[in-house]
Amino acid sequence: MKNQSPAQDCPDPREVKNAEEFVAAMRRLRAWSGLTFRQVERNAADDGVPLPHSTLVTALRRKTLPREELVAAFVRACGCSADTVSLWVTVRRQLAMEQAQAATAAAPPPAASPQSSRTPVPAPTPAPAAVAEAGANVPAAATGRARRVPNGWRLPNAMRFQGARLTSIRWVLLLLAVGTLLAGASAPPVPTAPALRDTAASDPARHTFSGNSRIRSARTNRCLSARRDVDGRIFPMPCAYAFPSRSLQEQPDGSYVIATQHPDLGSGCMGVRRVEVRSGVDDDFCGRKGANTADRFWLVHSTAHPGAFQLRIAHTELCIEAPASAGRPVFLAACASGRLAQAFTIEADPRPGI
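This is a predicted model, so every value here is computed, not measured.

J.: Tell me what's going on with the pattern of salt bridges, and back it up with residues and numbers.
T.: A full pass over the atoms with the stated rule returns 12 salt bridges. Among the salt bridges present, the one from Arg 14 reaches Asp 12, with a minimum N-O distance of 3.0 Å. Assessed through its relative accessible area of 35%, Arg 14 is described here as partly exposed. For the salt bridge of Asp 284 with Arg 273, the shortest nitrogen-to-oxygen distance reads 2.9 Å. Of this pair, Asp 284 sits in strand 9 (residues 281–284) while Arg 273 sits in the loop between strand 8 (266–272) and strand 9; the two residues are 11 residues apart in sequence, bridging distant segments of the chain. Taking relative accessible area as the criterion, Asp 284 reaches 1% and is therefore assigned buried. Relative accessible area serves as the criterion here: at 10%, Arg 273 is assigned to the buried category. Because the salt bridges share partners, they merge into one network encompassing Arg 214, Arg 216 and Glu 347.

J.: Talk me through the packing of aromatic side chains; I want residue IDs and the actual numbers.
T.: A complete count under the given rule lists 2 aromatic pairs for this structure. Taken together, a centroid distance of 5.5 Å and an interplanar angle of 65° make the contact between Phe 22 and Trp 88 edge-to-face. Of this pair, Phe 22 sits in helix 1 (residues 19–33) while Trp 88 sits in helix 5 (residues 82–106), placing them 66 residues apart in sequence. Ring geometry for Phe 209 and Tyr 256: centres 5.9 Å apart, planes at 70°, overall edge-to-face. Taken together, the residues span a long stretch of sequence, with Phe 209 in the loop between helix 8 (162–186) and strand 3 (213–217) and Tyr 256 in strand 7 (residues 256–262) at a distance of 47 residues. Looking at Phe 209, the relative accessible area reads 22%, which means it is partly exposed. The aromatic ring of Phe 37 is capped on one face by Arg 30, whose charged end is 4.1 Å from the ring centroid. Arg 278 extends its terminal NZ or CZ atom over the ring of Phe 331, reaching a point 4.0 Å from the ring centre.

J.: I'd love a proper account of the confidence of the model for the protein, names of residues and values included.
T.: In this model, the protein carries a mean pLDDT of 78, and residues with pLDDT of at least 70 account for 69%. Here residues 185–202 is a poorly scored stretch, pLDDT under 50, and it has 16 contacts once near neighbours within four places are set aside; other chains count.

J.: Tell me what's going on with the state of the cysteines, and back it up with residues and numbers.
T.: In this structure the tally under the stated criterion is 3 disulfides. Between Cys 269 and Cys 286 runs a disulfide, and the two sulfur atoms are separated by 2.0 Å. Taking the sign of the torsion about the S-S bond as the criterion, the disulfide between Cys 269 and Cys 286, at about 90°, is right-handed. Of the two residues, Cys 269 is situated in strand 8 and Cys 286 in the loop between strand 9 and strand 10 (297–301); the sequence distance between them amounts to 17 residues. Of the residues examined, Cys 286 reaches a relative accessible area of 35% and is grouped as partly exposed. Between the sulfur atoms of Cys 319 and its disulfide mate Cys 335 the distance is 2.0 Å. Every disulfide takes its handedness from the sign of the S-S torsion; for Cys 319 and Cys 335 that torsion is 100°, giving right-handed. Remark: Cys 335 occurs in the loop between strand 13 (331–334) and strand 14 (344–348) and Cys 319 occurs in strand 12 (residues 318–321); sequence separation between them is 16 residues. Classification of Cys 319 by relative accessible area gives buried; the value is 0%.

So, how was this worked out
Residues numbered from 1 in each chain as written. Predicted model: local features only at pLDDT ≥ 70, side-chain atom pairs only at ≥ 80, totals over all residues. Heavy atoms only, no water. Salt bridge = Lys/Arg side-chain N within 4 Å of Asp/Glu carboxyl O. Buried < 20%, exposed > 50% of the residue type's maximum accessible area, 1.4 Å probe, protein only. Helix = DSSP H or I, 4+ residues; strand = E, 2+ residues; numbered from the N terminus. Phe/Tyr/Trp six-rings, centres within 6.5 Å; stacked < 30°, edge-to-face > 60°. Lys NZ or Arg CZ within 6 Å of the ring centre and 35° of its normal. pLDDT = per-residue confidence, 0-100. Contact = heavy atoms within 4.5 Å. Disulfide = S-S within 2.5 Å.

Following this line, the structure appears as C-alpha cells:
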C-alpha cells in the first residue's frame, strides 16, 4: 500500500497516529471534497450504500474509530478513487489492530488465589460399622436418644419427626392456596391500562396556512430550525435565523407535512428517523427518498399556552418537545397536553426569503 497516494492535497490517513487523529482526518477529507453532509449522503445512495447524514455527523464528532463500512462509503462518496478508499480502510484496520494489542497488553494479570496451591486431601469416610461404634461411645446428652435402623446407622431421635413436619407443611400450603382462590373469586377485577389510542380520533386541529411559517416554542420563545453548517437536526434557534423556510401543508386525512425549501438541497420535509422516545427530529428528503420514517404531524390544541399546538407524530402518542438547555436539539416525548415544552405557536414568516 505504500506505493499508493491519495489525490492531490487530499488528507493522507497514513499520517495519523490514533483513532482521534483518524476521525479528524475524515473531517478534513469532507472539507477538502467541498460537499455538505447531505451531498455525501446522496452520493453514497447513488452507489447503493445507505449513509444517513445524521449517522455521519455523529461519527465525525466522536474520538473512536468508525465502522469500516462507514469509512469506505464515506471516502468513496467524497469523490476519492478506489485506491484511496482502500488506503483509508487499510489504515483504519491497522489502527484497530494496534488498539486491540494495546488493550490486551494493558489487561491486568489474574489475581493469585490467597489459598495454598496444594489441594488438601479429604479425610477418609469412616465405615458404617465404625460410625455405629463411635456413636455408642458418645454420651446421650450429646446425641439424644437414638433408634437403630436396618443398615446399622444410628439416627438421633430429633429426626424421627421429620416426616410428620413435612406433612404439616404440605397441609399449611394447601390451606393457603384454597384461601387465595376463595379471596380471588370474591375480589373485584383489577383494571387494566388502556391501550394507546389512535390519535386520528382525538379531533386534531385543522387550519389553512398560507405561505411560509415559523414554528415557535412557547418554552424557549425560539423557532424550530436546522443549522446551516452541520446537518438537518432541528434545534430551537432565534426566530430571525430560522432556517430553511418552512410551510405547513394539510393532507387529506387532516395531518400536516412540514415542508422545507433548502437553498442547496431543494425541497424536503421535517420528520423523525425513529418513532420512539428521545429520538431526534431532522430535515430530510420527503417520503422514501430520505432517511426519515415518519414526516406527518397532527396539530393538537395545547392547554399549556394560549393558541399553541402540540406537534404530534400522526397515529402515535409521541410529540415534539423543546429541551430545557440552550443548544440542544428537540426530541420526541410522550404527549402531555399541559406540558409547556410541547407547546408551539405557528406564525407567518415575515421574511420574503431566507
